[in-house]
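# Close look at the chain arrangement
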Amino acid sequence: MEKQADDPDDRLIREFISGQEEAFTEILGHYKSLVLNVAYRFLRDRTEAEDVAQDVFLKIYRSARTYEPKAKFSTWVYKITSNVCLNRLRDEKNAPKSVSNGRQDPADTGASLFVGSSPGHFSPSEELERNERLTVVHDALQRLPANQRLALVLKRYQGLSYREIAEILGCSPAAVDSLLQRANGKLRKFLEPYFADRGVSRKGPQS
Amino acid sequence: MIRTCRRIQKRIPAFLDAEVTPKMRSAVSRHLDVCPDCRRLLAATSQSWELLAEIEEITPRNDFDPLFWEKAREFSSPRVSRTDRLWARFPIPAIAAAGFVLGIAGGFFLGKAAFFDKRAPTTQAARPPTNGIFPYLDTFADFPGDSVGGAYIAVATQSGGAARRGGDK
């Protein structure tokens, strides 16, 4: 991801370094949704994603002075987010398991409680169906290994190019291609029974 | 054909993402025109991606910013040095360790001042090296005769004298 000369976030971070705290408010406004959603789709749990997003911005706040504008500012933000997410996952694996430590199902937490969802537009049966689909997709994502899941989240939800993902994950674009190949293969396999249940046609486009 | 299918199927996600070279793109397109299995796989991949859209975007809570600034202010408040943090975290072991180090250092300097500084000038000046014994052994000469030090001096002196006498012969 080549650094653009007129990257407005780059200007903001320079202003923040020079002592203008309000510049960070703007950075927060630009990136909080992005960071939160990467963390949410990677970790599945909203509360945990909020924690991760807070951690990410504290890290940016603390280490702003060490920021070297070699790449786009967003790449740096994605890198920090990815590291915090991976560390969180590692900590969670090492932590003793308790009943309350288990990840919540969107159906259990009530997806309609999510600020981003649109409650009130679905009938109860539609809502139930929707929550069921959400659970299936979340489960499929969670079954992927961490690095494949992260690459998939960055590609499918953030729309980043292989090169950008490679820079964030610190690997080559070819390695990202390989990660995504495997991730997509597994995802297809996990979701295939669901296609059948839902009566989704598996025939290819007619050419 | 199977080999070609395997190769093409691997490229399908990159093909859909437009991350393949133009040459590969036309190769995949040509193959898809004639291979229903690979077309099915392409469709399944697209469908799985469509399902991913079920995880909708969420928006941060209203208290996200105030919570962040609260934490950030904690960080910006007067910095506490690492040593101070260590003292605050482990007061008793730190005080004990500091006391131990000070005690050892103090004991060493006091002992040095009391023993070497006082004794060395008087004994060494009063007793210049004699009988081929190293001068510093003279400091043991004041030990009482029945002590270990006295016994050592006696043995050293005798054996030195005997050796010297043997050498003279």
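No experiment lies behind these values; they were computed from the predicted model shown.

So, on to the overall build of chain A. In terms of helices and strands, chain A carries nine helices and zero strands. If you list the helices and strands of chain A from N to C, you get α-α-α-α-α-α-α-α-α. Buried positions account for 34% of the 207 residues belonging to chain A.

Here we come to helix H2 (residues 22-43) of chain A. An α-helical segment advances 3.6 residues per turn. Residues three or four places apart therefore align on the same side. Here H2(A) is 22 residues long and its end C-alpha atoms lie 30 Å apart, about the 32 Å a rise of 1.5 Å per residue gives. The largest bend in H2(A) comes to about 45°, at A:Tyr31.

All names here are of chain B. At their nearest, the axes of helix H1 (residues 2-16) and helix H2 (residues 22-34) sit 10 Å apart, and the two run at 120° to each other. For the element pair H1 and H2, the recorded crossing hand is left-handed. Residues Thr4, Ile8, Arg11 and Phe15 of H1 pack against Met24, Arg25, Val28 and His31 of H2.

A:Val35, A:Ala39, A:Val52, A:Ala53, A:Ala151, A:Leu154 and A:Ile165 are the most contacted members of the largest nonpolar core, which totals 50 residues. Every element with two or more residues in this core is listed here: helix H1 (8-17), H2, helix H3 (46-63), helix H4 (73-94), helix H6 (124-142), helix H7 (146-156), helix H8 (162-169) and helix H9 (173-198) of chain A. Ranked by the residues each element gives to this core, the list is headed by H2(A), at 11 residues. Counting nine residues, the second-largest nonpolar core is a separate cluster that includes B:Ile8, B:Ile12, B:Phe15 and B:Leu42.

This part is about H4(A). Residues and elements named next belong to chain A. An ideal rise of 1.5 Å per residue puts 32 Å on 22 residues; H4 measures up with 32 Å between its terminal C-alpha atoms. Those residues of H4 that sit buried are Phe73, Trp76, Val77, Tyr78, Thr81, Ser82, Val84 and Cys85. Against the buried residues of H4 lie H1, H2, H3, H7 and H8.

Axes are the key here: two packed helices are described by the angle between their axes and the distance separating the axes. Residue and element names in this part refer to chain A. In contact at an axis separation of 11 Å, H4 and H7 are set at 145° when each is read in the N-to-C sense. In this structure, H4 meets H7 at a crossing whose hand is right-handed. Contacts between H4 and H7 involve Tyr78, Ser82, Cys85, Leu86 and Leu89 on the former and, on the latter, Ala146, Leu150 and Leu154. A class-by-class count of the residues in the contact of H4 with H7 yields seven nonpolar, one polar and no charged.

Our next topic: the interface of chain A and chain B. Chain A puts 40 residues into the contact, and the matching count from chain B is 32 residues. For the side of chain A that touches chain B, the leading source of residues is H9(A), giving nine residues. Residues that form the side of chain A that touches chain B fall into these classes: 18 nonpolar, 10 polar and 12 charged.

So, on to the environment of A:Leu141. All names here are of chain A. Along the chain, Leu141 turns up in helix H6. The class of Leu141 is buried, set by 24 C-beta atoms lying within 10 Å. Along the chain, Leu141 and Phe190 lie 49 residues apart, while their C-alpha atoms are 8.9 Å from each other. Those residues in contact with Leu141 that lie beyond four places of it in its chain are Arg41 and Arg149.

Here is what the cut-offs are and how they apply
- Residues numbered from 1 in each chain as written.
- Chains lettered and ligands numbered in written order.
- Predicted model: local features only at pLDDT ≥ 70, side-chain atom pairs only at ≥ 80, totals over all residues.
- Helix = DSSP H or I, 4+ residues; strand = E, 2+ residues; numbered from the N terminus.
- Buried ≥ 20, exposed ≤ 12 C-beta atoms within 10 Å, placed from the backbone.
- Expected span 1.5 Å × (residues − 1).
- Bend = angle between axes of the 7 residues up to and from the residue.
- Axes fitted to C-alpha atoms, helices over the stretch in contact; angles between N-to-C directions.
- Left-handed = near helix turned anticlockwise from the far one by under 90°.
- Contact = placed C-beta atoms within 7 Å.
- Core = buried A, V, L, I, M, F, W, Y, C linked by C-beta atoms within 7 Å.
- Nonpolar A, V, L, I, M, F, W, Y, C, P; charged D, E, K, R; others polar.

Note that all results are geometric; they support no functional claim without further evidence.
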